[in-house]
Amino acid sequence: MTTDLFTRRNLLAAGGAVAVAGMSGLLVPARAQDLAPTRSMRGGSNNYRPGAPIVDRIGGGGFWMTGTVRRAGDGAPLEGQRIQVWAHTTEGHERDERSHGATLTDANGVFRLEMPQIVPAFGQPHGHLAYDSGEFETVFLRPVMSSARDTTLEVHFVLQPA
Amino acid sequence: MGRTRAILIWGVLAAVLLIPVAAAAASPLLQWRQPVYIAAGFAGIIAMALLLVQPLLAGGYLPGLARQRGRRLHRWVGGVLVLAVIVHVAGLWITSPPDVIDALLFRSPTPFSVWGVIAMWAVFAAALLAAIRRRLQLRPRTWRLAHTSLVLVIVAGSVIHALLIEGTMETVTKVALCGLVLAAFLKAFADLKVWTSRHRRDA
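Scoring rules and cut-offs
- Residues numbered from 1 in each chain as written.
- Chains lettered and ligands numbered in written order.
- Predicted model: local features only at pLDDT ≥ 70, side-chain atom pairs only at ≥ 80, totals over all residues.
- Helix = DSSP H or I, 4+ residues; strand = E, 2+ residues; numbered from the N terminus.
- Rg over C-alpha atoms; globule rule 2.2 N^0.38 Å.
- Contact = placed C-beta atoms within 7 Å.
- Buried ≥ 20, exposed ≤ 12 C-beta atoms within 10 Å, placed from the backbone.
- Nonpolar A, V, L, I, M, F, W, Y, C, P; charged D, E, K, R; others polar.
- Pairing = 2+ DSSP bridges.
- Axes fitted to C-alpha atoms, helices over the stretch in contact; angles between N-to-C directions.
- UniProt positions renumbered as here; feature names shortened; annotations may be inferred.
- Core = buried A, V, L, I, M, F, W, Y, C linked by C-beta atoms within 7 Å.
- Expected span 1.5 Å × (residues − 1).
- Left-handed = near helix turned anticlockwise from the far one by under 90°.

Quick look at the overall build of chain B
- The helix and strand tally for chain B stands at 9 helices and 0 strands.
- Listing the helices and strands of chain B from first to last along the sequence gives α-α-α-α-α-α-α-α-α.
- Here the C-alpha atoms of chain B give a radius of gyration of 18 Å, agreeing with the 17 Å that 2.2 N^0.38 yields for 203 residues.
- On the principal axes, the C-alpha backbone points of chain B span a range of 55 × 40 × 20 Å.
- Put simply, of all contacts in chain B between residues at least 6 apart along the chain, 74% involve residues at least 24 apart.

Structure follows, in structure tokens:
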């Protein structure tokens, strides 16, 4: 009986096992544990007015800003988070106070805020959103609509505890 | 050149310059913009229209404005072009200061603003080069090459800037004006033989 550990057969088997284990680690889908925080976008904070009031809707409505707020890492939905929204709309410029408003997320981390129709300004039809309440790190977003005729814009936040 | 032909050329040029402006004046976006923002937009459109006039003057293509008279008007129109660019940027600044500061610092999220700012600096540089031409004492060929190189940056930058923007300009007239600006520049560039010395040009 041989006591040699490093036979050709053992080496091949061990090497194969290591390779399979390594590959399978790469092939497993990204787990919720790894959910990366949303980064602020360039120009996201332009014309921001801190402390926009929580409103049922901004102006006359007709356009829906929707989205979700989740926690970085495990992806748990975050309830009661204040999301501030502003844009150049049919009722006002980005800088105008009446173009700004805020809403809170529900138990599923979902927010929906009705506002006037966003129209192209500074070359693109775009909105601005902010999470800036302190508990998590501040995030400013500036999503661009795929078409100026869209009547909704969906935006997702993944927040990192501050 | 016949009188009829002259009238025809001026008529076509007037139409080519005015139709994009008229089409932009009918833009639905205007109803949601303040006067200073509207003025800034039209200053940009007028600047683009002047970019079409400049090579036509430099090349002496317009009836009654051959060579020296065309060149003299080219300088004046260049001055108006600089003013139009300043009004364009200043009006946008008043409308939304952070967006214009981002653009000027090349950190804007919108790709067209980079091209616009590059074209703006090239306009200022080309005009400055013309203003201090005598003091520079460059050889004519060197000066011409420098001025034309800046104009190439202006034309390319402005056309890309305009095409990428979703604004008050109507799409068909915008693309047509951009195409004509490019064509007029290339025509004058080829005819004036910018890259050769004077005696070879006149030969």
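Focus on the overall build of chain A
- In terms of regular secondary structure, chain A is built from 1 helix and 7 strands.
- If you list the helices and strands of chain A from N to C, you get α-β-β-β-β-β-β-β.
- Split into buried and exposed, the 162 residues of chain A put 34% on the buried side.
- In chain A, of all internal contacts separated by at least 6 residues, the share reaching a separation of at least 24 is 73%.

A look at the interface of chain A and chain B
- The partner chain B presents 15 residues to the 17 residues of chain A that form the contact.
- When its residues are assigned to classes, the side of chain A that touches chain B shows 6 nonpolar, 7 polar and 4 charged.

Here's the deal with the sheet that holds strand 3 (residues 100–104) of chain A
Residues and elements named next belong to chain A.
- Spatially, the 4 strands line up as an open sheet ordered 3-2-5-6, and their pairing is antiparallel. Among the strands making up the open sheet, the edge pair consists of strand 3 and strand 6 (139–141). Averaged over all adjacent pairs, the angle separating strand axes in this sheet is 20°, with direction ignored.

So, the sheet that holds strand 4 (residues 110–115) of chain A
Residue and element names in this part refer to chain A.
- Taken in spatial order, the 3 strands make up an open sheet running 4-1-7, and their pairing is mixed. Because the sheet does not close on itself, it has two edges, and the strands there are strand 4 and strand 7 (152–159). Within the sheet, the average angular offset between the axes of one strand and its neighbour, ignoring direction, is 20°.
- Direction of pairing for strand 1 (residues 63–71) relative to strand 7: parallel, over a ladder of 8 bridges. Following the sheet pairing, Thr 66 is matched in strand 7 by Glu 154.

Considering the UniProt feature "transmembrane region" (unreviewed entry) in chain B
- Per the UniProt record, the feature "transmembrane region" (unreviewed entry) sits at residues 36–61, 73–94, 114–132, 144–165 and 171–190 of chain B.
- Secondary structure within residues 144–165 of chain B divides into 95% helix and 0% strand; the distance between the first and last C-alpha atoms comes to 31 Å.

A short note on the nonpolar core
- Core analysis: the biggest nonpolar cluster contains 45 residues, and Ala47(B), Leu52(B), Ile154(B) and Val181(B) have the highest contact counts within it.
- Those elements giving two or more residues to this core turn out to be helix 2 (35–58), helix 3 (67–95), helix 4 (97–104), helix 5 (111–131), helix 7 (140–164) and helix 8 (171–191) of chain B.
- Of the residues forming this core, the biggest block, 16 residues, is contributed by helix 2 of chain B.
- In contact with Ala47(B), other than residues within four places in its own chain, are Leu81(B), Ala84(B), Val85(B) and His88(B).
- By size, the runner-up hydrophobic cluster in this structure holds 29 residues, among which are Val69(A), Ile83(A), Leu141(A) and Leu153(A).

Structural notes on helix 7 of chain B
All names here are of chain B.
- With 25 residues, helix 7 should reach 36 Å at 1.5 Å per residue; the first-to-last C-alpha distance of 36 Å fits that figure.
- Where helix 7 is concerned, the buried positions are His 147, Leu 150, Val 151, Ile 154, Val 155, Gly 157, Ser 158, Val 159, His 161 and Ala 162.
- Its buried side turned inward, helix 7 meets helix 2, helix 5 and helix 8.

Some words on the packing of helix 3 of chain B against helix 5 of chain B
Residue and element names in this part refer to chain B.
- Close contact between helix 3 and helix 5 brings their axes to 10 Å; oriented N to C, the two are set at 150°. Between helix 3 and helix 5 the crossing geometry is left-handed. Residues Arg 75, Gly 78, Leu 81, Val 82, Val 85 and Val 89 of helix 3 touch helix 5, and the partners they reach there are Met 120, Val 123, Phe 124, Ala 127 and Ala 130.
- In the contact of helix 3 with helix 5, the residues fall into 9 nonpolar, 1 polar and 1 charged.

Here we look at the pairing of strand 1 of chain A
Residue and element names in this part refer to chain A.
- Of all 9 residues in strand 1, 7 are buried; the element is thus mostly enclosed.
- Pairing between strand 1 and strand 4: 6 bridges, direction antiparallel. Bridge assignment links Phe 63 to a residue of strand 4, and that residue is Met 115.

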